[in-house]
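Coordinate analysis (summary)
Each chain is listed here by its residues.
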Amino acid sequence: MALKRNRSMPTSAVIPVLGYEDVGEAVDWLCAAFGFTERWRAGDHRAQLNVGDGAVAITQRRAGGSPRQTSCSVVVRVADADAHHARARSHGARVLSAPADHPYGERQYTAQDLGGHVWTFSESIADVAPEAWGGRSNHLA
């Protein structure tokens, strides 16, 4: 699968997305404890970390969630978000958000699988530096 390069996205095909109450604290702890490195950060609500040759996205946990319950989803990079969306729909995926272009250079849609798990499928449509949409680069791979 040939994917377009985008500085706002890691090169890995699968990207776990984990929610934390305090993104900055989580980034600092994950880097110190597990040796991850920061790729970029957007305000106090989102960051992306290098994990070996992969990556993990850190987001602010949604309000009202139980402290024992973690917020988790998965981003999968695809070559054609529209074709992927059509296939998922034809197999009964519950589409939570239709394919849409985003300022960080991605076309994405989100669906829920038969087990209730949330997946976002992302096609790089432009090579966009995090600074262009409000992020701050750090250790870009």
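Structure report, in brief.

About the cut-offs
All residue numbers refer to position in the chain's written sequence, counted from 1. Residues qualify for local features only when their pLDDT is at least 70, as the model is predicted, and side-chain atom pairs are given and counted only at 80 or more; totals for whole chains, interfaces and linings, by contrast, use all residues. Side-chain figures throughout are based on the complete set of non-hydrogen atoms in the structure, without hydrogens or water. Segments assigned H or I by DSSP are reported as helices when at least four residues long, segments assigned E as strands when at least two residues long, and all are numbered from the N terminus. Here the globule rule is a power law, 2.2 Å times the number of residues to the power 0.38, and the radius of gyration is based on C-alpha atoms. Exposure categories follow from relative accessible area, calculated using a 1.4 Å probe and restricted to protein chains: below 20% of the type maximum is buried, above 50% is exposed, and the middle band is partly exposed. We call two residues in contact when some of their heavy atoms are within 4.5 Å. Each accessible area is a Shrake-Rupley result for a 1.4 Å probe, and residues are judged covered by the shown protein chains and nothing else. Two residue types count as positive, namely Lys and Arg, and two as negative, namely Asp and Glu; His and chain ends fall outside the count. The location of each charge is read from NZ of Lys, CZ of Arg, CG of Asp or CD of Glu. Working definition: a disulfide is two cysteine sulfur atoms within 2.5 Å of each other. Any carboxyl oxygen of Asp or Glu within 4 Å of a side-chain nitrogen of Lys or Arg constitutes a salt bridge here. At least two bridges found by DSSP between two strands is the condition for calling them paired. Side-chain rings of Phe, Tyr and Trp (the six-membered ring for Trp) are treated as a pair once their centres are within 6.5 Å; stacked means planes under 30 degrees apart, edge-to-face means over 60, and tilted covers the remaining angles.

Scanning the chain from terminus to terminus reveals two helices and nine strands. Counting helices and strands in the order they occur from the N terminus, the chain gives β-α-β-β-β-β-α-β-β-β-β. Its C-alpha radius of gyration of 15 Å places the chain within 12% of the 14 Å reference for a compact globule of 141 residues. Projected onto its principal axes, the C-alpha positions of the chain cover 45 × 35 × 25 Å. Within the chain, the fraction of its 141 residues that count as buried is 40%. Summarising the internal contacts of the chain: among those between residues at least 6 apart in sequence, 56% fall at separations of at least 24. If you sum the accessible surface of the chain, you get close to 8,000 Å²; carbon and sulfur atoms cover 53% of it. Charge separation in the chain, taken as the distance between the mean sites of 15 positive and 15 negative side-chain charges, equals 4 Å.

This next bit is on the state of the cysteines. Here the structure, examined in full by the defined rule, presents zero disulfides. Cys31 takes part in no disulfide bond, and the closest cysteine sulfur to it belongs to Cys72, at a distance of 18 Å. Look at Cys31 and you get partly exposed, because its relative accessible area is 21%.

Scanning the entire structure with this criterion turns up eight salt bridges. A salt bridge links Arg41 to Asp28, with the shortest nitrogen-to-oxygen separation between them at 3.9 Å. Residue Arg41 is found in strand β2 (residues 37-42), and its partner Asp28 is found in helix α1 (residues 23-34); the two are separated by 13 residues along the sequence. For Arg41, a relative accessible area of 16% gives the class buried. Across the salt bridge formed by Arg107 and Asp101, the nearest N and O atoms sit 2.8 Å from each other. Salt bridges sharing common partners tie together Asp28, Glu38, Arg41 and Arg136.

To continue, consider the sheet that holds strand β5 (residues 71-77). Spatially, the nine strands line up as an open sheet ordered β6-β7-β8-β5-β1-β4-β3-β2-β9, and their pairing is mixed. Strands at the two margins of the open sheet, each flanked by one partner only, are β6 (94-102) and β9 (136-137). As paired elements, strand β1 (residues 14-20) and strand β4 (residues 54-60) share four bridges and run parallel to each other. Its bridge partner lying in β4, Leu18 is registered against Ile58.

Most of β2 sits out of view: five of its six residues are buried. With five bridges connecting them, β2 and strand β3 (residues 46-51) associate as antiparallel partners. Bridging from a neighbouring strand, Glu38 pairs with Leu49 of β3. Where β2 hands over to β3, the hairpin turn is made up of three residues, of which Gly43 adopts a positive phi near 55°. Examined bridge by bridge, β2 and β9 share two bridges and lie antiparallel to one another.

Scanning all chains against the criterion turns up four aromatic pairs. Ring geometry for Trp40 and Trp133: centres 4.9 Å apart, planes at 85°, overall edge-to-face. Highlighted residues: Trp40 in strand β2 and Trp133 in the loop between β8 (118-124) and β9, separated in sequence by 93 residues. Between Trp119 and Phe121, the aromatic rings sit 6.3 Å apart at their centres with planes inclined by 10°, giving stacked as the arrangement. Taken together, Trp40, Tyr104 and Trp133 form an aromatic cluster joined through their ring pairs.

Remember, this is a structural readout, not a statement about activity or role.
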